[in-house]
Amino acid sequence: MSRSLGVTVNHRPDARTVVTLAVRDFSYDPFDPAVMADPLPYYRVLRDRHPVYYVEQWDTFALSRFADVWDVLGRNDGTFVASEGTLPAATVLARHNDGPVDDPPLHPMPFHANFDDPIYGGVRGSHSKPLRPRNVAGLADRIRRLANERLDELLARGSFDLTQDYGGIVAASMVCGLLGLPDDVAPDVLGTVNAGSLAKPGDGVNTATARPGYLEYLVPLVETRRAEGADGTQPIVDGLLRYRLPDGSALSDVEVATQMLGVFIGGTETVPKIVAHGLWELSRRPDQLAAVRADLDANVPVAREEIIRFCAPAQWFARTARKPYTVHGTTIRPGQRIITLLASAARDEREYADPDEFAWDRPIERLLAFGRGQHVCLGVHLARLEITILITEWLKRVADFEVDVGAAWRPPSSFQWGWNSLPVSVSASVPSRGN
Ligand code: HEM
């Protein structure tokens, strides 16, 4: 009989679930269907017993403690690079490297995150302008208007999907605006991104095969913009069209569209899941909800940080070592990979007291949900603003709502383990906007 470790997790808002894992036979694989269905008990064992866990099949080390992930992501000295992608599929990890992996060839250029500086920083900087804090602040009115337009329609309907129909459409509309796509394609963009992010057991997310769908939207847009003349009034696409690589070459239309995928995907898929899940957590705790409602302007930004910690769906991002790195006595050799388990770091009891509890005003000094260092989320300021406004406007207009727990859907995933679908019924609302 193997000895068991009782692990109590509070990850399902509908119930407190007790999961036990056999410690003696413990094994972790990010693509194991059981892990993809519910990774949290695995993370607890990893943090406690195997903070540097080696997955032989993928020649990859899983780092699960907050402090270790914080240190690794903070190193911008070329020890770790993303030359094999930040989200490699199993087919990539199955190839083991004999030594350091070079940056990919310049053309055809893959997503720029696969390069180290100066190319990485150059491409990122060429299209980051609209996502800088001052420019993002100027988007608040548009987000508020979109949120209220959604609420006008949804509250009249009474029952709908909180993830997709509310935050989903608003976030996708913001992405359309940023990239120069018309707002009316937002539902299609949302559907395409959701479909592309579904992970297969044993394989993970294969963004390479999902790409034709994404590029259908983006390549024609780039072609049009090139023909019109990229005068800078569409800063993302124009910035990429005007960018020159260190060898003087420009990006082709498909290469420009490929760089836009970060905003296309990152901007669409995460915010809606966090907003819906966060509202659900609050609704299950009437005392916390009342405390937040007491002063929305002051309290939503505080609650937002706990909602992000507790609900952020991204599980991990990968890096490949280019220099040896030793952690907890284990040396990671050049060519081997690490995966930084951000979702485990968010539940690390060494960083957060009682981390499986949701507490709207818990002190949060450090957060890894947006990553850190070189690859820190480009959309972090927009994400925070969208979440603040979507939650505030909802709480202003919705007095009471109920989640259909049985119909809520969180598909197994090695990547985005979040509530893709959260059906709700609103029983009491304020009809006109702005009240
Ligand atoms: C709460 C919502 C969001 C969360 C939790 C989140 C999280 C993250 C994380 C953890 C990374 C780093 C990946 C790594 O280390 O390899 C990242 C990267 C990125 N995110 Fe976000 N994200 C969010 C929203 C957004 C939004 C709204 C946008 C754009 C409008 C966006 C665009 C990007 C892009 C372009 C990158 C790639 C950065 C790079 O490698 O240069 N994200 N995001």
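That block above? That's the structure.
One structure accompanies this document, and this report is about it. Since the model is a prediction, treat every value here as computed from it, not as a measurement.

Once that is clear, we can look at the site of the ligand. With respect to spatial proximity, 24 residues lie near the ligand, and among them Tyr120, Arg124, Arg319, His375 and Cys377 are the closest. At 3.0 Å from an oxygen atom of the ligand is found a side-chain nitrogen or oxygen belonging to histidine 375. Mapped by element, the contributors of at least two residues to the shell around the ligand are helix 5 (119-126), helix 13 (261-283), strand 7 (316-321) and helix 17 (380-397). Sort the elements by how many residues they give to the shell around the ligand and helix 13 lands first, with seven residues. Within the shell around the ligand, the residues separate by chemical class into 14 nonpolar, eight polar and two charged.

Here we take up the side chain of glutamate 269. With respect to the helices and strands, the residue glutamate 269 is situated in helix 13. Discounting chain neighbours no more than four positions away, the residues touching glutamate 269 are Val193, Ser197, Phe415 and Gln416.

Take the environment of glycine 232 next. Its place among the elements puts glycine 232 in the loop between helix 10 (207-228) and helix 11 (235-242). In this structure the C-alpha to C-alpha distance between glycine 232 and alanine 34, which are 198 residues apart in sequence, comes to 48 Å. Those residues in contact with glycine 232 that lie beyond four places of it in its chain are Asp238 and Arg242.

What follows concerns the environment of valine 263. Relative to the helices and strands, valine 263 is located in helix 13. Owing to a relative accessible area of 9%, valine 263 belongs among the buried residues under this scheme. Each C-alpha atom, one on valine 263 and one on leucine 63, is 27 Å from the other, the two residues being 200 residues apart in sequence.

Our next topic: the sheet that holds strand 10 (residues 337-341). One open sheet accounts for five strands, arranged 3-4-10-7-5; its pairing is mixed. Looking at which strands have only one partner, the edges of the open sheet turn out to be strand 3 (52-55) and strand 5 (80-81). As paired elements, strand 7 and strand 10 share five bridges and run antiparallel to each other. Each residue of the ladder has a partner; that of phenylalanine 317, found in strand 10, is threonine 340. Contacting strand 4 (60-63), strand 5, strand 7 and strand 10, helix 3 (residues 66-74) runs over the sheet at an angle of about 125 degrees to strand 10.

Quick look at unusual backbone geometry now. Cis geometry marks the peptide bond from histidine 107 to proline 108; its omega dihedral reads -5 degrees. Of note, the bond from aspartate 117 into proline 118 is cis; its omega dihedral lies within 30 degrees of zero at 10 degrees. Inspection of the secondary structure assignment puts proline 118 in the loop between helix 4 (90-93) and helix 5. Here aspartate 59, not a glycine, exhibits a phi torsion of approximately 45 degrees, which is positive. By the element assignment, aspartate 59 lies in the loop between strand 3 and strand 4. Here histidine 328, not a glycine, exhibits a phi torsion of approximately 45 degrees, which is positive. Here histidine 328 shows up in the loop between strand 8 (325-327) and strand 9 (330-332).

The next subject is the pairing of strand 4. By the alternation rule, side chains of strand 4 split into Thr60 and Ala62 and Phe61 and Leu63, which are all buried. Counted along the chain from strand 3 to the antiparallel partner strand 4, the turn is four residues long, and its residue aspartate 59 has a positive phi close to 45 degrees. As paired strands, strand 4 and strand 10 are joined by four bridges and run parallel to one another. Each residue of the ladder has a partner; that of leucine 63, found in strand 10, is threonine 340.

Once that is clear, we can look at the packing of helix 9 (residues 186-196) against helix 13. Interhelical geometry of helix 9 versus helix 13 gives an angle of 90 degrees and a closest axis separation of 9 Å. Relative to helix 13, helix 9 is oriented roughly perpendicular. For the pair formed by helix 9 and helix 13, the contact residues are Val189, Leu190 and Val193 on the first element and Phe264, Ile265, Thr268 and Glu269 on the second. Partitioning the contact of helix 9 with helix 13 into residue classes produces five nonpolar, one polar and one charged.

Next up on the list: the nonpolar core. Core analysis: the largest hydrophobic core is formed by 109 residues, its most contacted members being Met260, Phe264 and Trp394. Residue contributions to this core peak at eleven residues, all from helix 13. When sequence neighbours within four positions are dropped, the list of residues in contact with methionine 260 reads Leu179, Leu218, Leu221, Val222, Ile236, Val237 and Leu240.

Below, the discussion takes up the state of the cysteines. Counting across every chain of the model gives zero disulfides. In this model cysteine 176 remains outside any disulfide bridge; the closest cysteine sulfur is found in cysteine 377, 18 Å from its own. Exposure remark for cysteine 176: the relative accessible area of 0% places this residue in the buried category.

What characterises a pair of aromatic rings is the spacing of the ring centres plus the angle enclosed by the ring planes. Counting across every chain of the model gives 17 aromatic pairs. For the pair phenylalanine 310 and phenylalanine 358, a centre-to-centre distance of 5.5 Å together with 85 degrees between the ring planes defines the contact as edge-to-face. Taken together, the residues phenylalanine 310 in helix 15 (residues 296-311) and phenylalanine 358 in the loop between helix 16 (342-345) and helix 17 connect sequence positions 48 residues apart. Judged by relative accessible area, phenylalanine 310 falls into the buried class, the value being 4%. Take phenylalanine 358: its relative accessible area is 2%, and that puts it in the buried class.

Another aspect to go through is helix 3. Every buried residue belonging to helix 3 is among Phe66, Asp68, Val69, Trp70, Val72 and Leu73, and all of these are buried. Contacts from the buried residues of helix 3 go to strand 4, strand 5, strand 7, strand 8, strand 10 and helix 16.

Moving on, we get to the pairing of strand 3. Two strands pair when backbone bridges link them, and strand 3 and strand 4 are joined in this way by four bridges, in the antiparallel orientation. Bridge pairing in strand 4 places valine 52 opposite leucine 63.

Rules and cut-offs
Residues numbered from 1 in each chain as written. Predicted model: local features only at pLDDT ≥ 70, side-chain atom pairs only at ≥ 80, totals over all residues. Heavy atoms only, no water. Near = heavy atom within 4 Å. Polar contact = N/O pair within 3.5 Å; in protein donor to acceptor, adjacent residues only side chain to side chain. Helix = DSSP H or I, 4+ residues; strand = E, 2+ residues; numbered from the N terminus. Nonpolar A, V, L, I, M, F, W, Y, C, P; charged D, E, K, R; others polar. Contact = heavy atoms within 4.5 Å. Buried < 20%, exposed > 50% of the residue type's maximum accessible area, 1.4 Å probe, protein only. Pairing = 2+ DSSP bridges. Axes fitted to C-alpha atoms, helices over the stretch in contact; angles between N-to-C directions. Parallel < 35°, antiparallel > 145°, perpendicular 65-115°, else oblique. Core = buried A, V, L, I, M, F, W, Y, C linked by side-chain atoms within 4.5 Å. Disulfide = S-S within 2.5 Å. Phe/Tyr/Trp six-rings, centres within 6.5 Å; stacked < 30°, edge-to-face > 60°.

All we've got here are geometric facts, nothing functional implied.
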